[in-house]
Amino acid sequence: MKISKLFSGLFALLGIAVTAGTLVLCLGALNREPVLLEEPRAAVSRVESLFQAICDDDYAAASSLMYGTPDLGSGSPESGEISTMIWNAYVDSLDYALAGDCYPTRNGLAQRVQISYLDISSVTDGLQERSRALLQERVGLAEDVEQIYDENNEYRQDFVDAVVTDAAREALAEDARYVETELTIQLVFDQGQWWILADDALMQAISGGIVQ
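Residues numbered from 1 in each chain as written. Predicted model: local features only at pLDDT ≥ 70, side-chain atom pairs only at ≥ 80, totals over all residues. Heavy atoms only, no water.

Things to note about the nonpolar core
Part 1 of the argument: If you look at the biggest cluster of nonpolar residues, it comprises 44 residues, and the most contacted ones within it are Leu 50, Phe 51, Ile 54, Tyr 90, Ile 185, Leu 202 and Ile 206.
Part 2 of the argument: If you tally residues by element for this core, the top one is helix H2 (residues 41–55), at seven residues. (Core = buried A, V, L, I, M, F, W, Y, C linked by side-chain atoms within 4.5 Å. Buried < 20%, exposed > 50% of the residue type's maximum accessible area, 1.4 Å probe, protein only. Helix = DSSP H or I, 4+ residues; strand = E, 2+ residues; numbered from the N terminus.)

So, in structure tokens, the structure goes:
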């Protein structure tokens, strides 16, 4: 046998072996989880920007980072001293920290985030009962009925407003509960950038527990 034929035969066998080996590796990879060779900083930055926007009460900016740019509203209430007081307490309570590294999923990437916030419902659920009890207390202690009733013998609006405002302050001080949880933020790549998927857990957190 000529040397050239020997080498050509060896190369042919080597080619078959390499092809078979590649095929085995490819088939094996079908059953494995995706492997992230390098952490995409743009995806991590997207997650950080989302939570910073929420902490800044900038829900328009938060929406612009989410896939489909869902309508999140304005965040803070447009009017109402009590609503504004409770919402500001929620915003002030917000805190977050990335937990671990970004990792691949079947549909994109995921990043775990530790988040803590005021559960708004813990303040509002008992507010009516607390307001009623405080109203009766104030009426019982009042020395001047004109500060309580108007000319129609009904509660003065400014008196009721003051009672409910004080009740809200008490609720924030005595009834407020704080949630500490870990969210898994899902990201998908589209149109040249990473987008955050707004799932139920994320929406509940950024609404202070109001959205169930």
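Here's the deal with the packing of helix H6 (residues 127–141) against helix H7 (residues 157–174)
Part 1 of the argument: At a closest axis distance of 9 Å, the pairing of H6 and H7 adopts a crossing angle of 125 degrees. Relative to H7, the element H6 lies oblique. Considering the relative orientation of H6 and H7, their crossing is right-handed. On H7, the residues touching Leu 127, Arg 130, Ser 131, Leu 134, Leu 135, Arg 138 and Val 139 of H6 are Phe 159, Val 163, Val 164, Asp 166, Ala 167, Ala 168, Glu 170, Ala 171 and Glu 174.
Part 2 of the argument: Split into classes, the residues belonging to the contact of H6 with H7 amount to ten nonpolar, one polar and five charged. (Axes fitted to C-alpha atoms, helices over the stretch in contact; angles between N-to-C directions. Parallel < 35°, antiparallel > 145°, perpendicular 65-115°, else oblique. Left-handed = near helix turned anticlockwise from the far one by under 90°. Contact = heavy atoms within 4.5 Å. Nonpolar A, V, L, I, M, F, W, Y, C, P; charged D, E, K, R; others polar.)

As for the environment of Ile 86
Part 1 of the argument: Tracing the sequence through the fold places Ile 86 in helix H4 (residues 81–93).
Part 2 of the argument: The sequence separation of Ile 86 and Leu 172 amounts to 86 residues, and the corresponding C-alpha distance is 7.5 Å.
Part 3 of the argument: In this structure Ile 86 touches Leu 118, Ile 120, Val 123 and Thr 124, once residues within four positions along its chain are discounted.

Some remarks on the packing of aromatic side chains
Part 1 of the argument: Per the counting criterion, the structure on display carries seven aromatic pairs.
Part 2 of the argument: Seen from their ring centres, Tyr 59 and Trp 87 are 5.9 Å apart, and the 55 degrees between their planes marks the pair as tilted. Here the residue Tyr 59 occupies a position in helix H3 (residues 59–64), and Trp 87 occupies one in helix H4, the gap between them amounting to 28 residues. When sorted by exposure, Tyr 59 lands in the same class as Trp 87, which is buried.
Part 3 of the argument: When the centroid spacing of 4.9 Å and the interplanar angle of 45 degrees are considered together, the rings of Trp 87 and Tyr 90 count as tilted. With Trp 87 and Tyr 90 both in helix H4 and three residues apart, this pair spans about one turn of that helix.
Part 4 of the argument: Feature note: the residues Tyr 59, Trp 87, Tyr 90 and Tyr 117 constitute an aromatic cluster, connected by ring pairs. (Phe/Tyr/Trp six-rings, centres within 6.5 Å; stacked < 30°, edge-to-face > 60°.)

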